[in-house]
Amino acid sequence: MKIGKLSLRNNVLLAPMAGITDLVFRLLVREFGCALGFTEMISANGLVRGTEKSYRYLETTPNDKPLGVQIFGSDPDVLSEAARIVTDRGADLVDINMGCPVKKVLKTGAGGALMKEPAKVAVILQRLREATPLPLTVKIRSGWNHDEISALNIARIAQDCGVDAVILHPRTVNQGFGGRADWSLIASVKKCLNISVVGSGDIRSPEDARRMLDETGCDGVMVGRGVLGNPWIIKNIVYYLKGKNVLLPPTLREREGIIKQHLNMSVDFLGAGVGVRNFRKHMSWYTKGLKGGSRFREMVGKADEKESVLDAVHRYFQSINEK
Ligand SMILES: Cc1cc2nc3c(=O)[nH]c(=O)nc-3n(C[C@H](O)[C@H](O)[C@H](O)COP(=O)(O)O)c2cc1C
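Quantities reported herein were computed from a predicted structural model and do not represent experimental measurements.

### Considerations on helix α7 (residues 151-160)
Inference 1: Every buried residue of α7 is listed here: A151, I154, A155, I157 and A158. Buried residues in α7, looked at end-on, bunch into an arc of 160°, giving them a common side.
Inference 2: Buried positions along α7 lie against β7 (93-98), α6 (118-131), β8 (136-141), β9 (165-169) and α8 (183-192).
Inference 3: Remark: G162 follows α7 within two positions and exhibits a positive phi of approximately 90°.

So, in structure tokens, the structure goes:
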């Protein structure tokens, strides 16, 4: 799959997720073969003002490639300056967020609020197109609400402005993450564009990925919540799309190995305290549904030394392996 001049190794992409898709998580998921990783949404204002937190999201390494950097904002000047900044700082692709449903973001006219502002979108995208030579994508929703479905209009505007791909999460902004994603809208958008279209929403298995590609004709699939505690899904999807059988779920030993690797990476990159604290949510996802998982999580949730967490993980997996 190609996005502008960027050739991807396959068409399985990791979705941007705030608080989750940091450098550590991206590096881990890349080991399972995802073709493109994204930062979480980064405030264009924050970048232009030089806010340390915003720059931290840009942290990357040579094996964190290709990297899509997602920015959000509503002011064309600020957004284009931010695009220049991320272009100079190692992005391989710039994406603009037009789907975030969080009130704090909507209030500023950014994220999903842009789905109501086609004229403003055109100005923003023209300016962004001039600001960066990198592949440029937009990540959009269906529209503001069910009475205002604007995805087709916004997608056409994006293509006219020289955007290289449209990523569509077909829920309305009002819908948040509730209900089901309306994949038929991905098909409609694909039908009326010449540029690549990537579908996002409700892919939880290799079969889902195949079905989205078949039903909508989209060029690539983006996986978000399905990866949480389950990075293996990426490898399984890539295999399945090549016509191979679905791989088996990971063995307990493999799961234990990835948990330990992920925790070690987290501490290496973020330091002892933050590395362990930041890992707790992943631990919950990795052990969800496992025998005695909730008791284990309760116990391990109190530990803040890496060594004691590793030890507890080892003992827990030994105990369930023996049963
Ligand atoms: C915790 C969380 C954070 C997210 N953060 C972002 C974000 O920063 N930028 C963005 O464009 N989408 C964000 N999304 C939306 C996802 O990228 C994706 O479009 C959506 O979750 C639907 O796909 P899924 O069903 O595979 O999760 C987020 C979703 C979740 C669950």
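Picking up where we left off.
### So, helix α12 (residues 272-287)
Inference 1: Spanning 16 residues, α12 covers 22 Å between terminal C-alpha atoms, matching the ideal 22 Å at 1.5 Å per step.
Inference 2: The axis of α12 is deflected most strongly, by about 35°, at R280.
Inference 3: Residues G275, V276, F279, H282, M283, Y286 and T287 constitute the buried set of α12.

### Some points on the pattern of salt bridges
Inference 1: Taken as a whole, this structure holds 15 salt bridges when the rule is applied.
Inference 2: For R129, the salt bridge is made with D164, and the minimal N-O distance between the two is 3.0 Å. Of the two residues, R129 is situated in helix α6 and D164 in the loop between α7 and β9; the sequence distance between them amounts to 35 residues.
Inference 3: Taking the relative accessible area as the measure of exposure, D164 reaches 19% and is therefore buried.
Inference 4: Linking K260 and E256 is a salt bridge whose minimum nitrogen-to-oxygen distance equals 2.7 Å. One end of the pair, K260, and the other, E256, are both in helix α11 (residues 252-270), four residues apart, so they sit about a helical turn from each other.
Inference 5: Owing to a relative accessible area of 22%, K260 belongs among the partly exposed residues under this scheme.
Inference 6: A single salt-bridge network, built from bridges that share partners, covers R26, R30 and D64.

### Thoughts on the packing of aromatic side chains
Inference 1: Per the counting criterion, the structure on display carries five aromatic pairs.
Inference 2: Counting every residue linked through ring pairs, the aromatic cluster contains F32, W232, F279 and Y286.
Inference 3: Taking the ring centre of W144 as reference, the NZ or CZ of K116 above it sits at 3.8 Å.
Inference 4: Directly above the aromatic system of Y239 lies the positively charged group of K244, at a separation of 5.0 Å from the ring centroid.

### Some words on the pairing of strand β11 (residues 220-223)
Inference 1: Residues G220 and M222 of β11 are buried on one face, and the alternating residues V221 and V223, pointing to the opposite face, are buried as well.
Inference 2: As defined by bridge partners, strand β3 (residues 12-14) adjoins β11 across three bridges and the pair is classed as parallel. When the sheet's bridge partners are listed, L13 is paired in β11 with M222.
Inference 3: Strand direction decides the pairing type here: strand β10 (residues 196-200) and β11, joined by three bridges, are parallel.

### Remarks on unusual backbone geometry
Inference 1: Here K65 and P66 are connected by a cis peptide whose omega angle stands at -10°.
Inference 2: Turning to its location among the elements, P66 is positioned in the loop between α3 (52-56) and β6 (67-72).
Inference 3: In this structure, D202 is a non-glycine residue whose phi angle is positive, near 70°.
Inference 4: Within the element layout of this structure, D202 appears in the loop between β10 and α9 (206-216).
Inference 5: The exposure class assigned to D202 is buried, which follows from its relative accessible area of 11%.

The rules behind the values
Residues numbered from 1 in each chain as written. Predicted model: local features only at pLDDT ≥ 70, side-chain atom pairs only at ≥ 80, totals over all residues. Heavy atoms only, no water. Buried < 20%, exposed > 50% of the residue type's maximum accessible area, 1.4 Å probe, protein only. Helix = DSSP H or I, 4+ residues; strand = E, 2+ residues; numbered from the N terminus. Arc of directions from axis to C-beta. Contact = heavy atoms within 4.5 Å. Expected span 1.5 Å × (residues − 1). Bend = angle between axes of the 7 residues up to and from the residue. Salt bridge = Lys/Arg side-chain N within 4 Å of Asp/Glu carboxyl O. Phe/Tyr/Trp six-rings, centres within 6.5 Å; stacked < 30°, edge-to-face > 60°. Lys NZ or Arg CZ within 6 Å of the ring centre and 35° of its normal. Pairing = 2+ DSSP bridges.

Function-wise, these values are silent; they only describe arrangement.
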